[in-house]
Every structure is written in C-alpha cells, then in structure tokens.
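Structural characterization, general
Here are the chains, one letter per residue:
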Amino acid sequence: MNRPLSAVAGGVTGIAVMTLLLLFLEVETRSNLAIFEAVARFAGMPGNVTLGFLLFLLAGVFAWPLAFMALEQYIPGGPDPATRGMVLAVALWVVFVLTGRGDLSGGLLAIYVIFTLLAHLCYGFLLGAVYGRLTSESPVEADRYDPTDVSQ
Amino acid sequence: MDVISVLTEIPGLLVATWVLLGLAIYAGYRQNWQLRSVAADGGYLSGLGFESEKPTGLFRWLTTVDHKDIGVLYVVFATGAALWGATDAMMIRTELFTAGTDVWSAETYNALFTTHGLTMLFFFVTPAFTGLANYFIPILVGADDMSFPRINAIAFWLLPPAFFLVRGGLITEVMGKMLASVGVHWELLFSLRPPTIGWTLYAPRSIIVTNPQVDLVLLGLHLSGLATIMASINIIVTIFTERDEGVTWANLDIFSWTLLTTSGIVLFAFPVLGSALLMLIADRNFGTTFFAVDGGGPILWQHLFWFFGHPEVYILVLPAFGLVSLILPKFAGRKLFGFKFIVYSTLAIGVLSFGVWAHHMFSTGMDPRLRASFMAVSLAIAIPSAVKTFNWMATLWGGNVRWATPQIFCVGGIMTFIVGGVTGVFLASIPVDLVLHDTYYVVGHFHFIVMGVITFAAFAASYYWFPLLTGRMFNRRLGRIHGYLSIVGVFVAFMPMILIGYGGLPRRSASYPGVFEALQQVSTFGAVIIGIGALIWLTNLVQSYRLGPIVTDADVWNLRESGQFSREWQWFETQLEERTKFRR
Ligand code: HEM
Ligand SMILES: [Cu+2]
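I will try to describe carefully the structure that is included in this document. (Residues numbered from 1 in each chain as written. Chains lettered and ligands numbered in written order. Predicted model: local features only at pLDDT ≥ 70, side-chain atom pairs only at ≥ 80, totals over all residues. Heavy atoms only, no water.)

1. Let's talk about the overall build of chain B
A tally of regular secondary structure across chain B gives 21 helices and zero strands. Taken over C-alpha atoms, the radius of gyration comes to 26 Å for chain B, in line with the 25 Å a tight globule of 584 residues would show. Along the longest, intermediate and shortest principal axes, the C-alpha atoms of chain B span 85 × 75 × 45 Å. Counting only contacts in chain B whose residues sit at least 6 apart along the sequence, the fraction spanning at least 24 positions is 81%. Accessible surface, chain B as shown: approximately 24200 Å² in total, 69% of it carbon and sulfur. (Helix = DSSP H or I, 4+ residues; strand = E, 2+ residues; numbered from the N terminus. Rg over C-alpha atoms; globule rule 2.2 N^0.38 Å. Contact = heavy atoms within 4.5 Å. Areas by Shrake-Rupley, 256 points an atom, 1.4 Å probe, with all protein chains shown as cover.)

2. Things to note about the overall build of chain A
Within chain A, the regular secondary structure consists of five helices and zero strands. Principal-axis analysis of the C-alpha atoms gives chain A an extent of 55 × 40 × 25 Å. Here chain A, with 152 residues, has 53% of them falling under the buried criterion. Long-range pairs, those at least 24 residues apart, make up 65% of the contacts in chain A with a sequence separation of at least 6. Per element, the accessible surface of chain A, about 5900 Å² overall, is 70% carbon and sulfur. Averaged over its 7 positive side-chain charges, chain A has a centre that lies 6 Å from the centre of its 11 negative ones. (Buried < 20%, exposed > 50% of the residue type's maximum accessible area, 1.4 Å probe, protein only. Lys, Arg positive; Asp, Glu negative; His and termini not counted. Charge placed at Lys NZ, Arg CZ, Asp CG, Glu CD.)

3. As for a nonpolar patch on the surface
Among the surface-exposed residues, Leu51, Leu54, Leu58, Phe62 and Leu66 of chain A lie close enough to one another that they form a single nonpolar patch of about 430 Å² accessible area. With respect to the element layout, Leu66 of chain A can be found in helix H3 (residues 49–71). (Patch = residues over 30% accessible without salt bridge, like charges linked within 9 Å, V, L, I, M, F, W, Y side chains within 5 Å. Salt bridge = Lys/Arg side-chain N within 4 Å of Asp/Glu carboxyl O.)

4. Examining the side chain of Gln407 of chain B
Looking at where Gln407 of chain B falls in the secondary structure, it is placed in helix H15 (residues 405–428). Not counting residues within four places of it along the chain, the set of residues in contact with Gln407 of chain B comprises Ile327, Leu328, Phe331, Ala332, Leu396, Val401 and Arg402 of chain B.

5. Focus on the site of ligand 1
Residue and element names in this part refer to chain B. Near ligand 1 lie 24 residues; those nearest to it are His116, Trp199, His447, Arg507 and Arg508. The contact in question runs from an oxygen atom of ligand 1 to an N or O atom on the side chain of Arg508, over 2.4 Å. Elements that contribute at least two residues to the shell around ligand 1 include exactly helix H4 (67–96), helix H5 (106–141), helix H17 (440–464), helix H19 (476–502) and helix H20 (517–547). The class makeup of the residues in the shell around ligand 1 is 17 nonpolar, four polar and three charged. (Near = heavy atom within 4 Å. Polar contact = N/O pair within 3.5 Å; in protein donor to acceptor, adjacent residues only side chain to side chain. Nonpolar A, V, L, I, M, F, W, Y, C, P; charged D, E, K, R; others polar.)

6. A closer look at the side chain of His445 of chain B
Residues and elements named next belong to chain B. For His445, the position within the fold is in helix H17. The class for His445 is buried, based on a relative accessible area of 15%. In terms of polar contacts, His445 uses its side chain to reach the backbone carbonyl oxygen of Gly420, at 2.9 Å. Excluding anything up to four places from it in sequence, His445 contacts Gly420, Thr423, Gly424, Leu427 and Ile498.

7. Things to note about H5 of chain B
An α-helical segment advances 3.6 residues per turn. Residues three or four places apart therefore align on the same side. All names here are of chain B. Relative to the 52 Å expected for 36 residues at 1.5 Å per residue, H5 spans 51 Å between its end C-alpha atoms, a close match to the ideal helical length. When the local axis directions of H5 are compared, the greatest deviation, roughly 35 degrees, occurs at Met120. Counting buried residues along H5, 33 of its 36 residues qualify, which places the element largely inside the surrounding structure. Directly beyond the C-terminal end of H5, a positive phi value near 75 degrees is found at Gly142. (Expected span 1.5 Å × (residues − 1). Bend = angle between axes of the 7 residues up to and from the residue.)

8. Observations regarding the packing of helix H2 (residues 35–42) of chain A against H3 of chain A
Residues and elements named next belong to chain A. Their axes nearest at 8 Å, the elements H2 and H3 cross at an angle of 65 degrees. As the angle between them shows, H2 and H3 are arranged roughly perpendicular. In the packing of H2 onto H3, the handedness of the crossing is left-handed. Contacts between H2 and H3 involve Phe36, Glu37, Val39, Ala40 and Phe42 from the first element and Val49, Gly52, Phe53, Phe56 and Trp64 from the second. (Axes fitted to C-alpha atoms, helices over the stretch in contact; angles between N-to-C directions. Parallel < 35°, antiparallel > 145°, perpendicular 65-115°, else oblique. Left-handed = near helix turned anticlockwise from the far one by under 90°.)

9. Regarding the coordination of the iron atom of ligand 1
Residues and elements named next belong to chain B. With distances of 2.0 to 2.1 Å, the protein atoms coordinating the iron atom of ligand 1 are His116 (NE2) and His447 (NE2). One can describe the donor arrangement at the iron atom of ligand 1 as octahedral, given that its six donor atoms subtend angles of 85 to 180 degrees at the metal. Here the residue His116 occupies a position in helix H5, and His447 occupies one in helix H17, the gap between them amounting to 331 residues. We classify His447 as buried; its relative accessible area is 13%. (Donors = N, O, S within 2.8 Å, 3.2 Å for Na, K, Ca; no water. Tetrahedral: all angles 85-135°; square planar, octahedral: opposite > 155°, others 65-115°.)

10. Points about the pattern of salt bridges
In a structure, side chains of opposite charge can pair up when their charged atoms sit close to one another. Per the stated rule, a full pass over the model turns up 13 salt bridges over all chains. Close ionic contact of Arg546 of chain B with Asp80 of chain A constitutes a salt bridge, the shortest N to O distance being 3.1 Å. Of this pair, Arg546 of chain B sits in helix H20 while Asp80 of chain A sits in the loop between H3 and helix H4 (81–100), which puts the two residues in different chains. We note that Arg546 of chain B, like Asp80 of chain A, is buried. In this structure, the salt-bridge partner of Arg369 of chain B is Asp367 of chain B, at a minimum N-O distance of 2.8 Å. Taking the relative accessible area as the measure of exposure, Asp367 of chain B reaches 34% and is therefore partly exposed. In this structure, a network of salt bridges that share partners links the residues Glu28 of chain A together with Asp88 and Arg167 of chain B.

11. Quick notes on the packing of aromatic side chains
Geometrically, a pair of aromatic rings is defined through the distance of the ring centres and the angle of the planes. Residues and elements named next belong to chain B. According to the stated counting rule, one finds 54 aromatic pairs over all chains in the structure shown. Taking the centre distance of 5.9 Å and the plane angle of 75 degrees together, the rings of Phe305 and Phe308 count as edge-to-face. In this pair, Phe305 and Phe308 are both assigned in helix H11 (residues 298–327), three residues apart and thus about one turn of the helix distant. Look at Phe308 and you get buried, because its relative accessible area is 0%. Here Arg60 stacks its cationic end above the ring of Trp61, 4.4 Å away from the centre of that ring. (Phe/Tyr/Trp six-rings, centres within 6.5 Å; stacked < 30°, edge-to-face > 60°. Lys NZ or Arg CZ within 6 Å of the ring centre and 35° of its normal.)

Below is the structure:
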C-alpha cells in the first residue's frame, strides 16, 4: 500500500483503540478524570466536548500519522516503526498532560498521568506497527536464536 | 507567568500539529519529496509461518475448534481481564494512599474491590490456566485434540458474554457516553451501577441492594460457572480416554495430573455456586426467602458460598503448583524429587479442600465443637502443601540451577507461597482468626498466594513456553528484570498489609485512621513496582512476538542434556522440521 494511506490506516487503528481505552478509563473512574474535557482543552475547545473530540480524531487520523511518515527516519528508536511511533506518542503525551490536566491534583493526577501515557503508547505502537506492516519496511529477517549465547 | 501556565492557555493540539507540520515539511524538503517505493518482502512474519488449511484472519479465530487456537484465545482473554483487574487494583491503592476518602467516593471504592476480586478470580486465573491446559494437555498426553472440540469452543465463547454481564454497568455506560457524545441520551444505559457487595456476595446485603446490575453479575457468574464446568469435563475426559499408548497413569506428566485434580474439584464445587446463585437471584426478584433472616438466614449463604469458595481457592492454586512442579526441575537439571508424593499430595488437597469451608466463618458464632473440627481439617491441609514445598526444595538441592527467567519466577513463587501458607496456618487456628478476621492481614495472606505463587506460575509458564508458542525468543534480560521486580514488589506491597492487619485495621473501607498511612503508602509503592514489572512483561512479549530472534532448534532450554526434553518440545521439534521444509 502507498505510504500516506498506510500511515492513515495506522492512525485509524491507533485512534480507535486509544479512544476505547480513554472511554473505559473515564467510566471506570466514574468520570472523575473528565478525560474528554481534557481532550477538548487539548484541542483548544474548552467546554465543547463534541467538537474538541472531533478535532482530536482528525488530528489522530491525519495530522500525526502523516507527520510520522515524513519524520520517521529522524525519530529515535528505529528501525522498528512501532517503537518510533511510541516515541512520537510520548512527545504528544507531554503536551497533552500539560494542557489537558485542568485542576486535577494528588491521586487523581497520578492516575491521569499514568493511564493517559499508556493510552498514548498504545496509539503510537499501533500507528507504527500497522504502518510498518502495510509498507513492509525495516527489519525483515530477524536473527536466529542461539541458546548458547548468554550475552542477552 | 511560568512556562507551564503559558502552555495551558494555548491549545496543545495546535502546538503539537504546528511543530510536527514544520518538522514534516522540513523532512519532506530534505527527502526531495520522493515517496519511497514499497518493499514486498512480507515484513513482520511471526516465527511460525506454517502453511495450513485454516481460514485466515478474524474468521479463523471466530470459528476455530482446534485446541491450540482455543488455548491461545483463552490466554489472550485472560491477559485482557488481568490488565483490567489490575487497573482496579491500582485505583484501590490510589485511594488508600491517603487516610481520608479523597480520590474516589466510598461507593466507587466499594465497587472497585468488588470488581477487582471477581475479575481476577473468575476471568483472569481460571481462563489463563484453562488456556494452557487446552494447548498443552492434548500434546502432553499424545491426543490429536480435546475429546469434545466443539464443546471446547463453546466453553470459551461463553466467557466474554459472562464477563460483560459481570462488568456490565461499565460497558453500558461506555455505550451511553458514546451515544451522548453524538447527542442521543438514553437514560437506561446509565441505570446500571457497578456492584458494591464484595466478591463474596454476602446476604443480606446482596439481597437488599436494589441496583439491577447485581442481577446481571449473578447471571454472569452463573454463565462463567457453566463455561468452567464444560472445560473441566473436557479435560477429564481427554486425560482418561485420549491418552497415547505410551502414556500411562504412572508416567502421566505432573501438569496433567494437577489439571485433572483441579477439574475434579470444579465438577463438585461449581454446581454448588451455580445453585446458590440461582437461589440468590430468586430471593432478589421472586420473593423467595432462602437467605432472608426469616427464611434460611444469611448464614446459609455463607455455608453454600464457602462450600464452593474454599475449593475454588485450590482450583486456582493447584494448576500453579503443577506449573512450578513442571518447570522447576527443567532448570535444576534433575528430575522432580518425589514425583509420586507430589501427585498424592495433589489428590489429597483435592479431597480435603471440601472439608474446610467453615474456617471462613469462625466469627459467625457456630457451635464450638463444629468449629474445632474445621480447625483440625484446616491445619491438616497444610501437610500436603508442605510436602510439595519440601519436594521442590529437595529438587533444587544439589541440582545444577540455572537462573533463567522461568526459574526466577518458580523460586520466587515458592518464597511467596511459604509466606502465604504460614500466615494461612495462623488464620486456620480459631483464636487467631477471631482477632485477625476481616482485617488487612487476610488481604495480605491471600495476596501472597494469588499475586505471589499463582501469578508467578502464570508468568513462568508464559516465558517457558513462549518460544514454543511463537517460534521466537523473548528478551531474556528484560525477563529477568521483570522477575526480580515482581518478587520485590510482592513483598513490598503485601508485607505492610500483614502488619496493618496486626494493627487491627478492618479491610474494605476507603478511609482509615492516620496511623496506618505510612504502611499503606509503602504498600502502594510495592503495587507500582509490580505494575511496572507487568508493563515490562507485556512490552517484552509483544515486541518479541514481532521481532524476537527466530528459534530454529527446538531445544531452547538445553533440556536434552538432563534428559528432560519432554513431549511438548518433541512435538515442537517436528513442527520446526515441517516449517523448514516449507521455508526451503
Ligand atoms: C498488584 C497486584 C494487586 C494489588 C495491589 C491488589 C490489591 C488489593 C486490595 C488492596 C484488596 C482489598 C480491598 C479491600 O478489601 O478493601 C484486594 C482484594 C482482592 N484481590 Fe487483589 N490485588 C492485586 C492482585 C490480585 C490478584 C492477582 C488476584 C487474583 C488472582 C487478586 C484477588 C483479589 C481478591 C479475590 C480480592 C477480594 C478478597 C475479599 O474481599 O475476599 N488480587 N486486592
Ligand atoms: Cu478457605
């Protein structure tokens, strides 16, 4: 598949799983984290969850995957595109945490920080893995395993 | 204004997209805007690229009746459930980090420990071991498949709906929120609140609570019980009737023995739970009085529940013992010491486990003569458990021990089992139990077992059989780090609970007196260590499945040397030969 399409496919997969994870987290924490309000703040639509969420989806499907495609070679963590995707996602997460956390503090903030990081890592991993799979790039044939090699 | 508050004023999306866009344009410029052509080399193949007649993709997994595929489905399902249950645990620990009720509401806290317990026991441990049984028992006993492959598939596919029923409130709420985000408000979806009655479902509270979600929980548990019974019958019949000529009762491997015993216990314990659940549903909805104060009474519930509940504990732990007995000798370079006695002690536990249920009820005012007899049997059941422990130690003694990841988990599991077992012996004696009952001591005690030996055995198996399951090797250094982190984590997380229990703090309360705060914080710290270990495990296995070094020689663990190249590895060897043919 051509590269932009593969990247978008990765973005769709990633954002679908990430949205599901965030939804679960939101409900599991009985809405104490107000994740989707955070998403709206992140998207620059404080108070308008629906529109903010829409922008978030568009960015996750188009903007970031295409940027990932262009930047891939410069992102550390290669040659595996999935690892590179996670690196990119961590960068995005930093911005997300800084702009989205609202006035959470204490235990809630800790839960928010850790679980949104995990959700971002899933997004980045899937983005990179799907993209790598569809474009078939990078490490093709893995090493053979050698039981006598204990250096690992 | 400091940097951070400046950042919160500007939408992060804007910042991130502009920065990325800028970088991307620059990168595109550097690459002269050429789109690279696509290589056609197959990319990330799993190590086991067999040619097969199975349909591919999703359809294969939805229609399969192959015991190996079903085993994998079980294990994946169990992993998902474990991660979800772990989220609950982390949220419990977050609340307990401070003395007051200040992170979640008390209701949310009660819901958390309820769903945590139900998820871990019914949807993580049991499916994980059933999955391993499905994959390996036919191979170990030389059968083509399980006796009833279709029932096997049905037994698995009952579990997801059962799980959704038990955690239904959350899932309907997710749907409600999804609909709400596009402007459709369906109140019904928000009417189910997570249950708050504890995994023991004690009457009269479980009858009085009006939340309709409780009925769904009961139905879901009933359904999961049916699934477990079906799987057990399949295991029993397979071991009895499908054995290869060379496999006799005398040389049946230890894993199959423990799973056989476990399935036997399931056969007698789960129907009791099923019936009790139906009676509880009737009490809640149809005005019967089985467990009402003016009917059979709440104590009747406790008797029925624990007649199932204590054997259930052994349903969970015996497969773990089986795995330790199977894996430990492979890395000690010698045969399991006292194989026969390990089998006998397994069978003894299977029988005795039905005779101790009332030790969970010492504080309810039973007749003292009855109480004393239950105490005697409870102490007696420590003997077969100790037999196993000493046999494991004797196996290590004088062996040529290799500290591979599976071995670290086995030995760590023995360590935590000793602590869990000894604290249990104290609980089995009436005077001690009257003091410690329903304090954190109990939570600490059984977590040394469920998080210690049971989860450790599952981890050990996941590493030990990883090359066989995927055709690739995991990263051994990360595996060892995970092992040591887990051992340290369990002691740091659950030792404080034992001490808190000695201090007399009752469990199941979101707030507590400030004097316990320091110990609670140590415990939370330990939980975080365990959590980090689990994430390392997940990363390691996922990445190794994609990119790990490919296994070409079936003897990954150097088992031939000590004459322990057992049946599943011999089977793996023939698989590898076929693959080489196919790959040319
Ligand atoms: C990091 C790992 C874990 C942590 C930190 C943790 C924490 C806790 C805590 C604090 C409670 C007590 C809540 C209360 O009563 O107030 C609890 C209850 C429980 N946990 Fe865990 N847990 C962990 C892993 C597990 C595992 C692996 C299992 C099962 C295999 C499990 C099974 C249970 C059960 C059954 C209960 C309820 C027991 C009862 O009330 O009778 N837990 N857990
Ligand atoms: Cu018991």
